[in-house]
Amino acid sequence: GLGRPWETTKVRTTCPYCGVGCQQLLHVRNGKIIKVTGAEDGAPNKGRLCVKGRFGYDFIYSPDRLTTPLIKSGDGFREASWDEALDLVAGKIKEIVAKHGPDACAGISCARSINEDSYQMQKLFRVAIGTNNIDHCARICHAPTVAGLAASFGSGAMTNSFADFAKAKMFYITGSNMTEAHPVAATFVKNAVRNGAQLIVADPRRVKLAEFADIYAPIKVGSDVAFINGLMHVLITENLYDKDYVERCCTGFEALKAKVMEYPPERAAAIAGVSVDMLKEVARRLASVKPAILIYTLGITEHTCGVHNVMSCANLQMLLGNVGFECGGVNPIRGQNNVQGACDMGALPNVYPGYQRVEDPAARAKFEVAWGVKLPEKNGLMIPQMIEGLTTGTIKFLYVFGENLANAEPDIRHAEHCLASAEFLVCNDIFPTETTRFADVIFPAAAWSEDDGTFASSERRVSRVRKVSEPPGQAKPNWWIFKELAKRLGHDWTSNNGQEIWDNEVSHLAPILAGIKYYRIEEDGLQWPVPSLDHPGTCIMHQDGCFTCGQGRFMALDWTPPAEVPDKDYPMVLSTGRRLFHYHTRTQTGRCLGLNDLLSEETADISPADAARLGVKTGEPVRVRSRRGEVKVKARVTEEVPPGLVWMSFHFREGNANWLTNPVFDPISQTAELKACAVQIEKA
Ligand code: SF4
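Residues numbered from 1 in each chain as written. Predicted model: local features only at pLDDT ≥ 70, side-chain atom pairs only at ≥ 80, totals over all residues.

With respect to the overall build of the protein
- For the protein, the helix and strand inventory stands at 22 helices and 30 strands.
- For the protein, whose C-alpha radius of gyration is 24 Å, the value lies close to the compact-globule estimate of 26 Å for 684 residues.
- Taken over the C-alpha atoms alone, the protein extends approximately 70 × 60 × 55 Å along its principal axes.
- Scored against the burial criterion, the 684 residues of the protein give a buried share of 59%.
- Across the protein, the fraction of contacts at a sequence separation of at least 24, relative to all contacts at a separation of at least 6, is 73%. (Helix = DSSP H or I, 4+ residues; strand = E, 2+ residues; numbered from the N terminus. Rg over C-alpha atoms; globule rule 2.2 N^0.38 Å. Buried ≥ 20, exposed ≤ 12 C-beta atoms within 10 Å, placed from the backbone. Contact = placed C-beta atoms within 7 Å.)

And the structure:
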């Protein structure tokens, strides 16, 4: 209970920002959060919090909150009752399904909301509408991880735990600016280094962790497959790889070997833009300590070769015999608080909850019995196909839950053109966003700390998220909104809160979550797979090299350059990412007073050499232009960025990197190449 209103009580919950999943104590008085501290004994953070986790909670009290259902009216919106708005949306769905079939509808779930909301949304689409056109923003970040690691290992998730970050003896960290994007995780790495661990950082930017590195390899944007093939060339030719492990635990070695022989150190180093000696030194060091832990983030995934980049990381760690052991493995860190969970819940077009495949007749039959309907047989569309479908006319109805597509998708102008073309667009959100401008109906939703549920962090840990206050005005939990729509489409669902949805549905239907019930995660969460109620959870997957898919699969991969490379018109590379004080398109952090004061506008980060050439200093305006658009921002001159590279984030509307980014996608995962396009820059 929350005690007397004037007393301060502490409520344990999970941070609403990144995928580290830090455990917080909310200090609550009179129904309001007055302070946040870290839960001292809780995994993974052991009391630590970053600036977002500690100070980034006041967005929920913003006067901008949506408090009533809104229906489009002329150029604006008018307030409506829940019944009117829900009836309108349900009626529109029925009309479009009758005219065009269920596959003319598509939904995008939310990786920030609780698992129970994502479960309910995919159920709405599969059961009440009859389509697998359900996806979420993992598409834009870690879909290559889900696809790539599933192909290599049989499971598409982080293999190890954050606890290993504090204990490992050798780190290989690539495409990850952990200090800013996953700050608490980075503190554990720094502790380990201080205790004698070795650190290798391979990244086009001299990210903060590079300061702590034994070797910093400044590889070129998009050279990952070539660089790793080169490392494996050295490991194989110098007999530094784990032959026993490779023979016992893996398949496909001969094909891998043949392929990496095409990448001698000279060729690989030339593609990556580093010296041959450095490449050899990285390979030899990696092999010198066992196990080494490999950690990556979106620098690996957000490429047209994203899935291949992920599989390359898997290849390297299998060759070294490092998968299946404490302080080893392949560890993607997920960006959003619940992007792991949204995947686990089946908010994906090809899997039901717990990664049971839509195209597997046995899985489908199981869900048909559980849900009491005939389910569609073919996989649904992925987000880029849905968005494109709005202009080609294949998608008439789009439901966007908590996702700001108009800022987050590559090529904003095109994305907005597509959104404007929707016949009917519905949004659930807590704030008006650039995307809700295009909506026909907006439903006001409960935010973090206004509803009970669970998040799954990057380390597969399912933790409780707790309610401390009612949503403002008439705002409602998202699962309730989906349930009310399903009712109007002829489906009466019984579960009536997060716990009932999880305990009675999710954990019944997903074998990897079968042993997780709310009563078991009152304190620390549990890491899936948790197959039974007496199972303690799984810190390390593929134990001792026994892979989920039997043997690990080596993939022979060729390097391919980014789809757009510099030329004489657009001579610089633009790469993108996140900054410490903000989070995604700032719908939350933009409304946190303290955080906005710390950073209030976008910059173009450029090297001192390029700044000198352009004649600009930090704070002076520059114009950055690509084939898609143009932004005017201030320059930030920094040694972090090498000559030839411009680096920007997508946090701000003005100067958002996505006015410039290239809407080209990995052919397997449909993830956009947000890390590489060609731009020109000039003094403004
Ligand atoms: Fe929250 Fe991530 Fe910071 Fe932890 S590291 S406090 S989960 S934003």
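The discussion continues.
Some remarks on the sheet that holds strand 12 (residues 293-296)
- If you walk across this open sheet you meet the five strands as 10-9-8-12-13, and the pairing is parallel. Pairing within the sheet leaves two strands with one partner each, and these edge strands are strand 10 (215-217) and strand 13 (330-332). Sheet twist, expressed as the average angle between the axes of neighbouring strands with direction ignored, equals 15 degrees.
- Of the strand pairs in this sheet, strand 9 (residues 198-202) and strand 10 are connected by three bridges, and their pairing is parallel. (Pairing = 2+ DSSP bridges. Axes fitted to C-alpha atoms, helices over the stretch in contact; angles between N-to-C directions.)

Observations regarding the site of the ligand
- The environment of the ligand is formed by 14 residues, the closest being C15, C18, C22, C50 and G53.
- Where the shell around the ligand is concerned, the elements lending two or more residues are helix 1 (51-55) and helix 6 (183-194). (Near = placed C-beta within 6 Å.)

A short note on the domain arrangement of the protein
- Partitioning the protein into domains gives domain 1 (77-141 + 337-358 + 380-486), domain 2 (159-333) and domain 3 (572-683).
- Computed from C-alpha atoms alone, the centre-to-centre distance between domain 1 and domain 2 is 36 Å. (Domains from an automatic or database assignment.)

What to know about the nonpolar core
- Counting 217 residues, the largest nonpolar core has F171, A185, L231, L398 and V646 as the members making the most contacts within it.
- With residues near it in sequence (within four places) discarded, L231 still touches L279, V282, A283 and L316. (Core = buried A, V, L, I, M, F, W, Y, C linked by C-beta atoms within 7 Å.)

Some thoughts on the confidence of the model for the protein
- Here the protein shows a mean pLDDT of 94. Residues at 70 or above account for 96%.
- Confidence metrics for the complex model read pTM 0.94 and ipTM 1.00. (pLDDT = per-residue confidence, 0-100.)

Structural notes on the sheet that holds strand 20 (residues 461-465)
- Taken together, the three strands give an open sheet; going across it, the order is 19-20-21, and neighbouring strands pair in antiparallel fashion. Pairing within the sheet leaves two strands with one partner each, and these edge strands are strand 19 (453-456) and strand 21 (526-527).
- Taken together, the two bridges between strand 20 and strand 21 define a ladder with antiparallel strand orientation. Bridging across to strand 21, V462 finds its partner in L526.

Side note on the pairing of strand 30 (residues 677-683)
- In terms of strand pairing, strand 23 (residues 572-577) meets strand 30 through three bridges, oriented antiparallel. Pairing of L574 across the sheet is with C677, part of strand 30.
- Here strand 25 (residues 621-625) pairs with strand 30 via four bridges, running antiparallel. When the sheet's bridge partners are listed, R625 is paired in strand 30 with Q680.

Describing the packing of helix 4 (residues 143-153) against helix 13 (residues 306-319)
- Running from N to C, helix 4 and helix 13 point in directions that differ by 45 degrees, and their axes come no closer than 8 Å. Here helix 13 runs oblique to helix 4, going by the angle between their axes. Once helix 4 is placed against helix 13, the crossing between them reads as right-handed. Every residue of helix 13 that contacts helix 4 at P144, T145, A147, G148, L149, A151, S152 and F153 is listed here: G306, V307, N309, V310, M311 and A314.
- Taken together, the residues of the contact of helix 4 with helix 13 sort by class into nine nonpolar, five polar and no charged. (Parallel < 35°, antiparallel > 145°, perpendicular 65-115°, else oblique. Left-handed = near helix turned anticlockwise from the far one by under 90°. Nonpolar A, V, L, I, M, F, W, Y, C, P; charged D, E, K, R; others polar.)

Quick look at the environment of V622
- On the secondary structure map, V622 appears in strand 25.
- In sequence terms V622 and A684 are 62 residues apart; their C-alpha atoms lie 4.6 Å from each other.
- Setting aside chain neighbours within four positions, we find V622 in contact with A604, L614, V616, V633, A635, I681, E682, K683 and A684.

Concerning unusual backbone geometry
- Each neighbour pair has its own omega, and for K290 with P291 the value is -5 degrees, a cis peptide bond.
- Checked against the element boundaries, P291 lands in the loop between helix 11 (276-288) and strand 12.
- Looking along the chain, the bond that leaves W528 and enters P529 is cis, with omega of 0 degrees.
- With respect to the helices and strands, P529 occurs in the loop between strand 21 and strand 22 (552-553).
- For D411, which is not glycine, the phi dihedral falls at a positive 60 degrees.
- Summarising the element assignment, D411 is placed in the loop between helix 17 (405-408) and helix 18 (412-420).

Regarding helix 16 (residues 383-392)
- Burial in helix 16 covers these residues: I383, P384, M386, I387, G389 and L390.
- For helix 16, the secondary structure elements touched by its buried residues are strand 6 (105-109), strand 7 (134-136), strand 16 (397-401), helix 17, helix 18 and strand 28 (662-665).
- Immediately downstream of helix 16, the backbone of G393 shows phi near 95 degrees, a positive value.

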